[in-house]
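Chain by chain, the residues run as shown.
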Amino acid sequence: MILSAHVKVDYTLLLFWFAEMEGNLSTITYESGVQEYDDFPHSLEPVYILGEAYSAIHDRDDLKDDVTSRIWVTYRKGFSHIGGEGPSTDQGWGCMLRCGQMMLAQTLILRHLGRGWRWKRGCRDDDYWRILSMFEDKKSAIYSIHQIASMGQSEGKAIGQWFGPNTIAQVLKRISVYDSWSDLAIHIALDNVVIQDDIRNQCRKRIVGSKNKDSKSSSRSPNKDSSSDESSLLPDGEEFSHFVNDATNSPHPRNHCKEDEDSKKYDWKPLLLIIPLRLGLTDINPIYFDALKKCFALKQSVGIIGGKPNHAHWFIGYIGQELIYLDPHTTQHLVNLKDPENNDSSYHCFTPPSRMSFHKLDPSIALGFFCDSENSFEDLCKNFSTINDKCMFEVRKTAPQAWYSGDTPPSAATNSYTTNMSGRNRKTPSDLYAMNDTSSSLDDEEFEII
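About the criteria used
- Residues numbered from 1 in each chain as written.
- Predicted model: local features only at pLDDT ≥ 70, side-chain atom pairs only at ≥ 80, totals over all residues.
- Heavy atoms only, no water.
- Phe/Tyr/Trp six-rings, centres within 6.5 Å; stacked < 30°, edge-to-face > 60°.
- Lys NZ or Arg CZ within 6 Å of the ring centre and 35° of its normal.
- pLDDT = per-residue confidence, 0-100.
- Contact = heavy atoms within 4.5 Å.
- Core = buried A, V, L, I, M, F, W, Y, C linked by side-chain atoms within 4.5 Å.
- Buried < 20%, exposed > 50% of the residue type's maximum accessible area, 1.4 Å probe, protein only.
- Helix = DSSP H or I, 4+ residues; strand = E, 2+ residues; numbered from the N terminus.
- Pairing = 2+ DSSP bridges.
- Axes fitted to C-alpha atoms, helices over the stretch in contact; angles between N-to-C directions.
- Parallel < 35°, antiparallel > 145°, perpendicular 65-115°, else oblique.
- Left-handed = near helix turned anticlockwise from the far one by under 90°.
- Nonpolar A, V, L, I, M, F, W, Y, C, P; charged D, E, K, R; others polar.
- Salt bridge = Lys/Arg side-chain N within 4 Å of Asp/Glu carboxyl O.

Chemist: Got a minute to help me understand the packing of aromatic side chains in this structure?
Modeler: As enumerated under the stated definition, the model contains twelve aromatic pairs in all. An aromatic cluster is defined as three or more aromatic residues linked by ring pairs; in this entry it consists of Y48, F289, F296, Y318 and F358. Lying across the ring of Y347, R76 places its NZ or CZ 4.5 Å from the centre. Residue placement shows R130 over the ring face of W181; its charged tip is 4.2 Å from the ring centre.

Spelled out as structure tokens, the structure:
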């Protein structure tokens, strides 16, 4: 039986049915009302999901499997109070935090399992369960709502206050320092500018022991515990917030890679590149729609976090003139993943994903891309030069000269793919960060209203 593209169903009964199938009835919050259930239209136009193209007519099963395999993180209730006395649910304020979790979870799946991995009922893959447990709603999970909300205080966000795209990006960057298993380098491109050399300096790390007898034991392995991985430790004397915010944004990073024969003795830390953008004042400018579509077609894409007024979503693709997204605005009960009576079905979406017109997208968004190797990053930069004809952001080899104070930076002014300089009078990257962070608070207010 083929469902029509627009079928109205009782949403409560639908969730009840899927939960009963999965043996996870206790996770559903009952909400009455009839909502529109939109399956993918039978269209000749291709469907793009995170770098993969599907036929909306012939690949419907594969398309469903791909979407269902994404980790779906939603509101939860019944977890321990955040900060000891804070909220025990994130309903009404945590949608952007959940979207950040979904983008990062996809990044970790690419990092440890690969793009071709698919979830099946009863999946017992150890790496998958390790990834999932990192987002469990308890304080001990590294990427839990507890850790993200608490770390948000360092970005000026009280526990229970909504985030914007830039804020969640900054918080995830701070927390990822402690994830030695994934060993990610999260780079946030400030002021709509991607600086290639800054990213290379952040991702290239010297292969420790290349001239040492213990070289075999010093090579990076994702399965090492944190006590044996230097990437999880801060330099002596460094404060955590100073290390995360400034170490990779200084004009002359301490670990700057010299362009000589030694450059070949560096390994590459897998990169999550996040590009916060504002593509309009109150409404998104339609001239950017084609460029956004091309982003979803890139194999490095891990989606877009953004939303529409009062709601944040994780956008994973598009069909025609509609965005495809996973919506965190379903409240589910806390699930203890270590309890054999529970399972992981509440972390996967069995209904067709939601869709909305590009025109409804809020102009404040953040693009996400994952590069597991330097070659992948170079390929991404080349693709940026072709998809970015409307100048959503700028790609440069080195930082603009105006960002430096005192010292003369490397020759940079002519090394960009585009020429749309912001025109703002900035002296240093630190000044840029401060101003960008201040302005981001305005962006945050345009998302979820409590």
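Moving on from the coordinates now.
Chemist: How should the confidence of the model for the chain be read in this particular structure?
Modeler: Any region with low pLDDT has predicted coordinates that should not be read closely. Averaged over every residue, the pLDDT of the chain is 77; residues scoring 70 or more account for 68%. Here residues 210–263 scores under 50 on pLDDT; set against residues more than four positions off or in separate chains, the count is 73 contacts.

Chemist: What am I meant to see in the nonpolar core here?
Modeler: Across soluble globular proteins, you tend to see nonpolar side chains buried next to one another. Within the largest apolar cluster, 69 residues are counted, with the highest numbers of intra-cluster contacts made by V47, I49 and W314. Per element, the largest residue contribution to this core is eleven residues, and it comes from helix α3 (residues 95–112). Discounting chain neighbours no more than four positions away, the residues touching I49 are Y54, L63, D66, V67, R115, I316, G317 and I324. Formed by 39 residues, the second largest nonpolar core is a distinct cluster that contains Y288, L298, Y318 and L367.

Chemist: When you look at the pairing of strand β10 (residues 271–278) in this model, what are you seeing that I'm missing?
Modeler: The two faces of the sheet receive side chains in turn, since in a regular strand these alternate between them. With respect to burial, β10 is a largely interior element, seven of its eight residues being buried. Across four bridges, the pairing between strand β6 (residues 185–188) and β10 is parallel. Bridge pairing in β10 places I186 opposite L272. Note: β10 against strand β16 (residues 364–371), eight bridges, orientation antiparallel. Within β16, the position partnered with P276 by the bridge is A366.

Chemist: Is there a simple way to explain unusual backbone geometry in this structure?
Modeler: Most peptide bonds take the trans form, and the phi angle of most residues other than glycine is negative. Of note, D183 is a non-glycine position whose phi angle comes to about 55°, a positive value. Among the structural elements, D183 can be located in the loop between α6 (165–176) and β6. The buried category is assigned to D183, whose relative accessible area is 2%. For N192, which is not glycine, the phi dihedral falls at a positive 65°. For N192, the position within the fold is in the loop between β6 and β7 (193–195).

Chemist: Sorry, what's going on with the packing of α3 against α6 here?
Modeler: For any two helices packed against each other, one specifies the crossing angle of their axes together with the interaxial distance. For the pair α3 and α6, interaxial distance at closest approach is 10 Å and the crossing angle is 55°. With respect to α6, the element α3 is oriented oblique. Crossing hand, α3 versus α6: right-handed. On the side of α3, the interface is formed by M96, L97, G100 and L104, while α6 contributes P165, I168 and L172. Counted by class, the contact of α3 with α6 contains six nonpolar, one polar and no charged residues.

Chemist: Would you mind going over the environment of L298 with me for this structure?
Modeler: The residue L298 is located in the loop between α10 (289–297) and β11 (301–308) in this model. L298 gets classed as buried once you look at its relative accessible area, which sits at 8%. Separated by 249 residues in sequence, L298 and I49 place their C-alpha atoms 9.6 Å apart. Other than its neighbours up to four places away in sequence, L298 contacts L50, G51, F369, L380, N383, F384 and I387.

Chemist: Please explain the pattern of salt bridges as it appears in this structure.
Modeler: Side chains carrying opposite charge are able to pair once their charged atoms draw close together. Applying the stated criterion across every chain, the model contains 18 salt bridges. Of the charged contacts, one joins D66 and R70 as a salt bridge, the two residues approaching to 2.9 Å between their closest N and O atoms. According to the relative accessible area criterion, D66 is buried, its value standing at 0%. With a relative accessible area of 0%, R70 lands in the buried category. A salt bridge links D197 to R200; its shortest N-O distance comes to 2.9 Å. Taken together, the positions of D197 and R200, both in helix α7 (residues 196–203) and three residues apart, correspond to about one turn of that helix. In this pair, the class of D197 matches that of R200, namely buried. Ionic contacts of the salt-bridge type, sharing partners, join the residues D66, R70, R115 and R118 into one network.

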